[in-house]
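# Per-entry structural report
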Amino acid sequence: MIDKRVESAAEAVSVIPDGAVIMIGGFGSAGSPVELIHALIDSGVKDLTAINNNTGNGEVGLAALIANGQVRKMICSYPRSTHSKVFPELYRADKIELELVPQGTLAERMRAGAAGIPAFYTPTGVGTPLAEGKESREFDGREYVMEHALKADFALVRCDTADPLGNLTFNKTARNFGPVMCMAAQTTIVQARRVVAPGEIDPEVVVTPGIFVDRIVEIAEPIQESALIAAKGRYP
Amino acid sequence: MSGWNKEQMAARAAQDIPDGSYVNLGIGMPELVAQYVPEGREFIYHTENGLLGMGPSPEPGDEDPELINAGKKSVTALPGAAYFHHADSFTMIRGGHLDVCVLGAMQVAANGDLANWSTGAPGAIPAVGGAMDLVAGVKTIFIITRHVTKTGDPKLVETCTYPLTGKAVVSRVFTDLAVLDITSDGFSVVELAPGVSLAEVIEKTDAPVRQP
């Protein structure tokens, strides 16, 4: 019987090497896989490219990974946060690279990468600095810009319920980028609030089918990043 | 005092949203629009982080850290709401499925160009979020903004000097002084706020203003 569970967050991320490209789920604090990110900090891997909508909050999770000097390049749509100065300070000091992508283009580049589509045309960004240097083309009298698919070596995603085959459900707006990142990464690592037996998740309500998931760790009472930030937590 | 305050601006914008519209509200002043749904109309709010059927803020103590809006504030989900992932959420936006989006602005040009994400200044941290997707995909783009900046510079201009969010995307602008349409001939006054003269709007707009 297929069982993708591993014992700990540390074991789950132990396959990630230096230089990896990693998609990290979460929008703001909602859905942030805090335990997996902290395990990645403990592992000490460096030279990472991190892909997330933002650049972390407070001094925990993704912000802590960046502050720890493990991220060489950030791909995101909104690198500002009222809670965190970590990224802006490194960016102004030229110590971290930024690829700024409109949020919908970011999600669609992942979807394309997941679906074997190398590039696509979109009107988003036409006439703006974010389209400069990109191929453009007219369809039916409207201008479009070509955007390339985005794939990753790994995805770190937090879900609500998983089964050992990797079928997942999510909770409310903590879903956000999770499902599309699971699909766009070579190896998807998931932290689940609970793991149930195969068949306990109704096939009709599975959000992410298990084929897109490789490693699962159960974190029964996950840290809410927003609670850590409110408590002025720091990691490590 | 003449002109509209920000609540009145939001209420005025809400008047122009058709019944049954699927609506996305930008962060800041646009969020106020939700408080002024005209009697007898129903709007369904979309938030790009994956919720259709967004309701008002919860009571203090009822916040759920996994139920937030695009501004990362706690919200509620109304009966009939749906959650979805980001690629589906932006399919709604980019595929033209949303009816109206209300956004803030740094500058709006007479041809409908919008600048609302970056001053382009050295050292500024560029952050675009979903703004470029919204202006490219949503059927009707409304802008709600003060007519001039805090230092008195016009925000309605002939040509944007800040980096663009989108080209020729704005339909209508709601300011503290007036409601203006973007037409093929530039800014055109739809309505003046109480106590505001056309001469004042013309003086505070850095582009020709027509009154039909």
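Higher on the page you've got the structure.
Before going into details, it helps to say that this report is about the structure given with it. (Residues numbered from 1 in each chain as written. Chains lettered and ligands numbered in written order. Predicted model: local features only at pLDDT ≥ 70, side-chain atom pairs only at ≥ 80, totals over all residues.)

## A few points about the sheet that holds strand E5 (residues 119-122) of chain A
All names here are of chain A. Note the cut-off: Any two strands with at least two DSSP-identified bridges between them are counted as paired. Secondary structure counts use DSSP, requiring at least four H or I residues in a row for a helix and at least two E residues in a row for a strand, with both numbered from the N terminus. To obtain each axis, a line is fitted to C-alpha atoms, and for helices this fit is confined to the stretch in contact; angles are then taken between N-to-C directions over 0 to 180 degrees. By definition, residue pairs are in contact when their C-beta atoms, positioned from the backbone, come within 7 Å.
With antiparallel pairing, the 3 strands of this open sheet are ordered in space as E5-E7-E6. Looking at which strands have only one partner, the edges of the open sheet turn out to be E5 and strand E6 (136-139). Along the sheet, successive strands turn relative to each other by an average axial angle of 35°, direction set aside. As paired elements, E6 and strand E7 (residues 142-148) share 4 bridges and run antiparallel to each other. If you follow Ser136 over to E7, its bridge partner there is Val145. Set on the sheet, helix H5 (residues 103-114) makes contact with E5 and E7; between it and E5 the angle comes to about 150°.

## Points about the pairing of strand E8 (residues 152-162) of chain A
Residues and elements named next belong to chain A. This is how it is decided: Here the C-beta atoms are placed from the backbone, and a residue counts as buried if at least 20 other C-beta atoms lie within 10 Å of its own, exposed if 12 or fewer do, and partly exposed otherwise.
Counting buried positions along E8 yields 8 of 11 residues, so the element is predominantly enclosed. Here 9 bridges tie E8 to strand E10 (residues 185-195), and the two strands are oriented parallel to one another. Looking at E10, one finds that Cys159 is bridged to Ala192. In the sheet, E8 pairs with strand E9 (residues 168-169) via 2 bridges, with the strands oriented antiparallel. From the neighbouring strand, Ala162 faces E9, where its bridge partner is Leu168. Counted between consecutive antiparallel strands, the loop separating E8 from E9 contains 5 residues, among which Gly166 sits at a positive phi close to 100°.

## Let's talk about helix H2 (residues 34-43) of chain A
Because an α-helix completes one turn every 3.6 residues, residues spaced three or four positions apart along the sequence face the same direction. Residue and element names in this part refer to chain A. For H2, the buried fraction is high: 7 of the 10 residues fall into the buried class. Within the span of H2, buried status applies to Val34, Glu35, Leu36, Ile37, His38, Ala39 and Leu40. Phi for Gly44, located one or two positions after H2, is positive at around 80°.

## Here's the deal with the sheet that holds strand E6 (residues 107-109) of chain B
All names here are of chain B. Sheet architecture is open: 3 strands sit in the order E7-E6-E9, paired in mixed fashion. Taken across any chain shown, the strands that pair with only one partner, and hence form the sheet edges, are strand E7 (114-115) and strand E9 (156-157). In the sheet, E6 pairs with E7 via 2 bridges, with the strands oriented antiparallel. Bridge assignment links Val108 to a residue of E7, and that residue is Leu114.

## A closer look at the environment of B:Ala115
All names here are of chain B. Inspection of the secondary structure assignment puts Ala115 in strand E7. Classification of Ala115 by C-beta neighbours within 10 Å gives buried; the count is 22. For the pair Ala115 and Gln15, spaced 100 residues apart in the sequence, the C-alpha separation amounts to 24 Å. Discounting residues that sit within four places of it in the chain, Ala115 has contacts with Met106, Gln107, Cys160, Tyr162, Pro163, Leu164 and Thr165.

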